[in-house]
Amino acid sequence: MFRIAALLVFTLGLAIAAHPQPGPELAPPLPEAPPPGGFMSADRLGAIVLSVDPEAEDRGNGYIFKLSDRDMMIVHDEAADRMRIVTPIGPATNLPDELLERMLQANYDAVLDARYAIANGLVWAAYIHPLSTLDEDELLSGMAQTAIAAETFGSTFTSGVVVFGGGDSQNLHEDLVRQLEELSGEDDDRGI
C-alpha cells in the first residue's frame, strides 16, 4: 500500500511539474539590493576560506582546507547557485543498522544545518546551501557544524548547536550523560 501511495504522490508531482498552473510565484526573486551580509560569490567564498586556512588549496570549483586539523572540502557552482562543505568520516561498509538509524535520527534533530551522508563508499558530514544567499556568518557556522558533526559521529552525533525538539537525540544525549555519570561514580547532587 505504501509503495502505491508513494508512486501516486511521485506521479502527481511529475504531472504538476510538467503542467504548472498560473498563480503566484513559489519563491520570491532575489532582492535587488544585497542582504546585510551581501551576496556570496565564488571569489568572496574563496577569500573567506583562505582567511580560515591560508594554506587552502584552490581546486577551481572549490577548496581543500583544514579546520582544527580536519581535512575539509568546499565545492561551489555559481551557475547552479549551490555550494557544499564536506568532510569524510570513514568507510560506509558494514555499518550496523543501529548506526544507520542513529545517523538518520541525528539528521532530523541534532546536526541541524549539517547532515550525515553516504557517497562513494564513505560516510560524510556535509553542509549544503544556495551560494548566492549565503553570508559569511552562515558559511563559518557551516564549516564549524560540519567539522563538529564529523568529530561527534559515533558518540553524540551533534553539530555543536542546540538540538531541535521533537526528535530522539535529546533523550539519547541525556541517557549518555547518565551512563557516563554512572561510570565515573559521580553522584547527581547538583540539584537538577
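Cut-off values and rules
- Here, residues in each chain are numbered from 1, in the same order as that chain's written sequence.
- It should be noted that, the model being predicted, local features are given only for residues of pLDDT at least 70 and side-chain atom pairs only at 80 or more, the latter also being counted only at that level, while totals for whole chains, interfaces and linings use all residues.
- Side-chain descriptors were evaluated using all non-hydrogen atoms of the structure, hydrogens and water having been removed beforehand.
- A pair of aromatic rings is counted whenever rings of Phe, Tyr or Trp (Trp by its six-membered ring) have centres within 6.5 Å, and the orientation is called stacked for planes under 30 degrees apart, edge-to-face for over 60 and tilted otherwise.
- Secondary structure elements follow DSSP: runs of H or I no shorter than four residues count as helices, runs of E no shorter than two count as strands, and numbering proceeds from the N terminus.
- For the exposure calls, accessible area comes from a 1.4 Å probe over protein chains only, and a residue counts as buried if that area is under 20% of its type's maximum, exposed if over 50%, partly exposed in between.
- In this scheme, a helix's expected span is set at 1.5 Å multiplied by one less than its residue total.
- Whether two strands pair depends on DSSP finding at least two bridges between them.
- For helices, the fitted axis covers only the stretch in contact; all axes are lines through C-alpha atoms, and the angles between them, taken along N-to-C directions, range from 0 to 180 degrees.
- Relative orientations are named as follows: roughly parallel for angles under 35 degrees, roughly antiparallel for angles over 145 degrees, roughly perpendicular for angles from 65 to 115 degrees, and oblique for any other angle.
- Crossing handedness: left-handed means the near helix sits turned counterclockwise from the far one by under a right angle, and right-handed means the same turn made clockwise.
- Every residue pair with non-hydrogen atoms within 4.5 Å of one another is taken to be in contact.
- In this count, Pro and Cys sit with the nonpolar residues alongside Ala, Val, Leu, Ile, Met, Phe, Trp and Tyr, while Asp, Glu, Lys and Arg are called charged and the others, Gly among them, polar.

Looking now at the packing of aromatic side chains. Overall, the coordinates contain three aromatic pairs when judged by the stated rule. Consider the rings of Tyr 116 and Phe 153, whose centres lie 5.3 Å apart with planes at 65 degrees: the pair is edge-to-face. Here Phe 153 lies in the loop between helix H4 (136-151) and helix H5 (169-184) and Tyr 116 lies in strand E5 (residues 114-119), a separation of 37 residues in the sequence. The burial state of Tyr 116 is the same as that of Phe 153; both residues are buried. A centroid spacing of 5.2 Å and a plane angle of 65 degrees characterise the contact between Phe 153 and Phe 157, whose relative ring orientation is edge-to-face. By relative accessible area, Phe 157 is classed as buried at 3%. Within the aromatic cluster, the residues linked to one another by ring pairs are Tyr 116, Phe 153 and Phe 157.

In this model, Asp 81 sits at a positive phi of 55 degrees, which is unusual for a non-glycine residue. In this fold, Asp 81 is placed in the loop between strand E3 (70-77) and strand E4 (82-91). Given the relative accessible area of 25%, Asp 81 is considered partly exposed. Phi at Asn 120 takes a positive value of approximately 55 degrees, unusual for a residue other than glycine.

A word on helix H3 (residues 97-109). Taking 1.5 Å of rise per residue, 13 residues should cover 18 Å, and H3 covers 19 Å from first to last C-alpha, within 8% of that figure. Within the sequence span of H3, burial applies to Arg 102, Met 103, Gln 105, Ala 106, Asn 107 and Asp 109.

Time to look at the pairing of E3. Across the two faces of E3 the burial differs, with Arg 70, Met 72, Ile 74 and His 76 buried and Asp 71, Met 73, Val 75 and Asp 77 not buried at all. Two strands pair when backbone bridges link them, and strand E2 (residues 62-67) and E3 are joined in this way by six bridges, in the antiparallel orientation. Bridged to Phe 65 within E3 is Met 72. Count of turn residues in the E3/E4 antiparallel hairpin: four residues, of which Asp 81 carries a positive phi of about 55 degrees.

Our focus in this paragraph is the packing of helix H2 (residues 42-52) against H4. Where H2 meets H4, the closest approach of the two axes is 11 Å, and the angle between their N-to-C directions is 50 degrees. Put simply, H2 runs oblique to H4. For the crossing formed where H2 meets H4, the hand is right-handed. In this structure, H2 contributes Arg 44, Leu 45, Ile 48, Val 49 and Val 52 to the contact, and H4 contributes Glu 136, Leu 139, Leu 140 and Met 143. Taken together, the residues of the contact of H2 with H4 break down into seven nonpolar, no polar and two charged.

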